[in-house]
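Overview (structure and organization)
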Amino acid sequence: MWYAIISEDYEDSLEKRLAARPDHVARLKAMCNEGRLLIAGPHPAVDSPDPGSAGFTGSLVIVEFDSLDDAKAWADADPYVERGVYEKITVKPFIRVLP
């Protein structure tokens, strides 16, 4: 089943985010290579594709797992969690309807 992982950043965590980004992206690429990643990306803090020093407020990842527990465990092991970028993570089942 698909799961939406909605993450919220700590305030002023841009430096930590940038430092952890290579490891974070590597995990996402691995899921993509397995055909289990539907979409992933950050939420800019301002209405711009390049928020600059304003940074980001969180991320959205939609990924496939066998269970909600597996999705939560994967989300909790994210480098952004380990390195103090994410303050809160919500994991919810997701049903793809369109396209």
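In the block above lies the structure referred to throughout.
Residues numbered from 1 in each chain as written. Predicted model: local features only at pLDDT ≥ 70, side-chain atom pairs only at ≥ 80, totals over all residues. Heavy atoms only, no water.

**Let's talk about the packing of aromatic side chains**
As a reminder of what qualifies: The rule is short: rings of Phe, Tyr and Trp, with Trp giving its six-membered ring, pair when the centres are within 6.5 Å, and they are stacked under 30 degrees, edge-to-face over 60, tilted in between. Relative accessible area decides the class of each residue, using a 1.4 Å probe on protein chains only: under 20% of the type maximum gives buried, over 50% gives exposed, and in between gives partly exposed. Charge over a ring is defined by NZ of Lys or CZ of Arg lying within 6 Å of the ring centre and within 35 degrees of the ring normal.
The full count for this structure, using the stated rule, is two aromatic pairs. When the ring of phenylalanine 65 is compared with that of tryptophan 74, the centres are 5.7 Å apart and the planes differ by 50°; the resulting orientation is tilted. Each member of the pair phenylalanine 65 and tryptophan 74 is classed as buried. Relative to tyrosine 86, the ring of tyrosine 80 lies with its centre 5.3 Å away and its plane at 90°, an arrangement referred to as edge-to-face. With respect to class, tyrosine 80 is no different from tyrosine 86; both count as buried. The ring of tryptophan 74 has arginine 27 sitting right over it, with the charged end atom 4.1 Å from the ring centre. Looking at arginine 36, its charged tip hangs above the ring of phenylalanine 65, at a distance of 4.8 Å from the centre.

**Focus on the pattern of salt bridges**
Stated precisely, the cut-off is as follows: When a carboxyl oxygen of Asp or Glu lies within 4 Å of a side-chain nitrogen of Lys or Arg, that pair is called a salt bridge. A run of H or I in DSSP counts as a helix once it spans at least four residues, and a run of E counts as a strand once it spans at least two, with each numbered from the N terminus.
Enumeration according to the criterion identifies four salt bridges in this entry. As a salt-bridge pair, arginine 83 and aspartate 23 come within 2.4 Å of each other at their nearest N and O atoms. Of this pair, arginine 83 sits in the loop between helix H3 (79–82) and strand E4 (86–94) while aspartate 23 sits in helix H1 (residues 14–33), placing them 60 residues apart in sequence. Looking at arginine 83, the relative accessible area reads 37%, which means it is partly exposed. Given the relative accessible area of 36%, aspartate 23 is considered partly exposed. Arginine 36 is the salt-bridge partner of glutamate 34, the closest N and O atoms lying 2.8 Å from each other. Under the relative-accessibility criterion, glutamate 34 is labelled partly exposed at 48%.

**A look at a negative patch on the surface**
The cut-off we apply is this: Exposure above 30% relative accessible area and no salt bridge define the residues that can form patches, which grow by joining like charges within 9 Å and nonpolar side chains of Val, Leu, Ile, Met, Phe, Trp and Tyr within 5 Å. Working definition of accessibility: Shrake-Rupley area with a 1.4 Å probe, residue cover restricted to the visible protein chains. Charge assignment: positive for Lys and Arg, negative for Asp and Glu; neither His nor the chain ends contribute. Think of each charge as sitting on NZ of Lys, CZ of Arg, CG of Asp or CD of Glu.
A cluster of acidic residues, Glu8, Glu11, Asp12 and Glu87, forms a negative patch on the protein surface. Position of aspartate 12 among the secondary structure elements: in the loop between strand E1 (2–9) and H1.

**A short note on empty space enclosed by the protein**
Note the cut-off: Residues are said to line a cavity or pocket when one of their atoms sits within 4 Å of a point; the points come from a 1 Å grid over protein atoms alone, cavities being sets where a 1.4 Å probe fits but cannot get out and pockets being open sets with protein on both sides within 12 Å along at least five of seven lines. Grid points are joined across faces, edges and corners, and a volume is the space filled by probe spheres set on the points. Residue polarity follows a fixed list, in which Ala, Val, Leu, Ile, Met, Phe, Trp, Tyr, Cys and Pro are nonpolar, Asp, Glu, Lys and Arg are charged, and the others, Gly among them, are polar.
Scanning the model with the defined rule gives one cavity of 30 Å³ or more in all. Its boundaries defined by the atoms lining it, the largest cavity holds a volume of some 50 Å³. What lines the largest cavity is simply Ile5, Ser7, His24, Val61, Trp74, Ala75, Asp78, Tyr86 and Ile89. Contributions of two or more residues to the lining of the largest cavity are made by E1, helix H2 (68–76) and E4. Within the lining of the largest cavity, the residues separate by chemical class into six nonpolar, two polar and one charged.

**Quick look at the sheet that holds strand E2 (residues 37–44)**
In plain terms, the rule: Paired strands are those between which DSSP finds at least two bridges. Axes here mean lines fitted to C-alpha atoms, for a helix over just the part in contact, with angles spanning 0 to 180 degrees between N-to-C directions.
Pairing within the open sheet is antiparallel, and its four strands lie in the order E2-E3-E1-E4. Every other strand in the sheet has two partners, leaving E2 and E4 as the edge strands with one partner each. Shown here is a sheet whose adjacent strand axes are inclined to one another by a mean of 10°, direction ignored. Pairing between E1 and strand E3 (residues 56–64): seven bridges, direction antiparallel. Counterpart to isoleucine 5 in the pairing with E3 is valine 61.

In short, geometric facts, not functional conclusions.
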